[in-house]
Amino acid sequence: MNNQNSRRDFLKTSALVTGGMLAPSFLVPGAHAAPDNQIKLAVIGCGGRGTGAVFQAFETGHPIKLVAMADAFQDRLDSSYKAIFDKYGKDKVDVPVEKRFVGFDGYKKAMAEADVVILAAPPGFRPSHFEEAVNQGKQIFAEKPMATDAAGIRKVLAAAEVAKAKKLNVVVGLQRHYQHNYREVMKRIHDGALGDIVGGQVYWNDGGVWVRERKPGQTEMEYQMRNWYYFNWLCGDHIVEQHVHNIDIANWAKNGYPVKAEGTGGRQIRTGKDHGEIFDHHVLTLTYADGSVIHSECRHFPGAANRVDETFQGTKGKVFLSAGNHGVMTDWKGNAIYTHNRDNNPNPYQVEHDELWAAIVKGEYKFADAENAAKSTLTAIMGRYATYSGKVVTWDEALNGTVDLFPEKLAWDAMPKLLPNADGFYPHAVPGKTKVI
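Residues numbered from 1 in each chain as written. Predicted model: local features only at pLDDT ≥ 70, side-chain atom pairs only at ≥ 80, totals over all residues. Heavy atoms only, no water.

A. Main features of the sheet that holds strand 8 (residues 260-266). Taking strand neighbours across the sheet as the criterion, the nine strands line up as 14-13-12-11-7-10-9-8-15 in an open arrangement whose pairing is mixed. The open sheet has two edge strands with one neighbour each: strand 14 (336-339) and strand 15 (393-394). As paired strands, strand 7 (residues 197-206) and strand 10 (residues 293-300) are joined by eight bridges and run parallel to one another. Paired with G200 across the two strands is I294, which belongs to strand 10. Contacts from helix 7 (residues 180-190) reach strand 7, strand 11 (307-314), strand 12 (317-322), strand 13 (327-331) and strand 14 within the one sheet, and its direction differs from that of strand 12 by about 160°. Lying over the sheet, helix 10 (residues 244-254) contacts strand 7, strand 9 (281-287), strand 10, strand 11 and strand 12, oriented at roughly 170° with respect to strand 7. (Pairing = 2+ DSSP bridges. Helix = DSSP H or I, 4+ residues; strand = E, 2+ residues; numbered from the N terminus. Contact = heavy atoms within 4.5 Å. Axes fitted to C-alpha atoms, helices over the stretch in contact; angles between N-to-C directions.)

B. Quick peek at the pairing of strand 9. Burial within strand 9 is extensive, with five of its seven residues counted as buried. Here strand 9 runs beside strand 10; their pairing, made up of seven bridges, is antiparallel. For V283, the partnering residue across the bridge sits in strand 10 and is E297. (Buried < 20%, exposed > 50% of the residue type's maximum accessible area, 1.4 Å probe, protein only.)

C. Structural view of helix 10. Most of helix 10 sits out of view: eleven of its eleven residues are buried. Inspection of helix 10 places V244, H245, N246, I247, D248, I249, A250, N251, W252, A253 and K254 among the buried residues, and these make up the whole buried set. Just downstream of helix 10, N255 is the residue with a positive phi angle, here 55°.

D. Focus on the sheet that holds strand 6 (residues 170-172). Strands sit in the order 3-2-1-4-5-6 across an open sheet of six strands; the sheet is parallel. Edge positions in the open sheet fall to strand 3 (100-102) and strand 6, since each of these has one partner strand only. Adjacent strand axes in the sheet meet at a mean angle of 15° when their direction is disregarded. Here strand 2 (residues 64-71) runs beside strand 3; their pairing, made up of three bridges, is parallel. By the bridge assignment, A70 is partnered in strand 3 with F101. Contacts between helix 3 (residues 74-88) and the sheet are confined to strand 2 and strand 3, with strand 2 contributing the most and set at about 165° to the helix.

E. Up close: the side chain of N227. Turning to its location among the elements, N227 is positioned in the loop between helix 8 (220-226) and helix 9 (238-241). Excluding residues that lie within four positions of it along the chain, N227 makes contacts with W210, V211, R212 and D274.

F. Up close: unusual backbone geometry. That bond from K144 to P145 is cis: its omega, -20°, falls within 30 degrees of zero. With respect to the helices, strands and loops of the structure, P145 is situated in the loop between strand 5 (139-142) and helix 6 (150-166). The phi dihedral of N325 falls on the positive side, at around 75°, and the residue is not glycine. You can see N325 is positioned in the loop between strand 12 and strand 13. Located in the positive-phi region is N344, a residue other than glycine, with phi close to 60°. Mapped onto the elements, N344 comes out in the loop between strand 14 and helix 11 (348-362).

Given below as structure tokens:
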């Protein structure tokens, strides 16, 4: 795949196909329409994000009924079902026990019950879940990131082409694309308000996330699944799972994807047995085809200064953006070009569902997020390859990487590819020594 194809070219191509109308499955005779004409929804992955996405789907106000759920863990599915049913009741929730699928392959059965699917399992499962949803012809909301290694990205990109051919709406939870300040600023950047973007900085620096301790009797597979954030086959490291948001904004501002990445990272603070294999900091330079460089930084250091935002510099001025609805553009003399009004901005997590479900209900094909989401995910994976190896990694090297992190077999008594040593510590990358591609 040629990285020189810009985001603008991709969006233009998408626009040619998104003008058409689709016949959504719930309007097709013999499909899964509920007797009261409600659209059938299934959720795959019943953690906090999957549960929240169901809430947001219901809050669109459209006639939606949850009819199937799937998760690897019974307790997580039960907790999600209770939270959703307690909030919305039987008018919106009709998931009998036989439609609550537990285990590694329940997602296929859950999808078969629905018209629209929410994909919110840990990211390592996203490629296979997305591919199956596309093959079954479902409208899709998928959480980010889209994969954790190059093998997964290639699967997603192939399925994305099929989704476009089938005119399946796909919205991905890179919700800044549905946030007003980002939309307004990017429109102005692409109209030339800042001239050529020649540099930028993107950050996700905070204190880190949860740790789930090993419980007596857990198999290695269950432990890693419960503690999924700390294993690359499931999470991709926090540069992929979290920082993909900010990296994606860099790609959006540049209207393209970087040709190479170089940087460093390591385990400075988070070094315990419970911390799996991932780094606690990554620092990168991402170089684009025109020679411009974006600085990328993410870390999990408790007690250190936090920063989650993006800044870009152009030949005519600069801009500061953040999820807190900031959007401040000035020229190089400090004169205002645009200042976003931060008052009463809608929640982008809700907006992405509002817009997706509005299209579905109208029978429109409008959204093809999967390709860009996969390429921004690959940008983050390329960054991880660079920080883990200490080498310069090109786009083509990253995309064509042959290392497949996913286990050979999915079963509770099967072994993941990464195992702890006799002392309980997991091997991790050492820049300058580790080969990742």
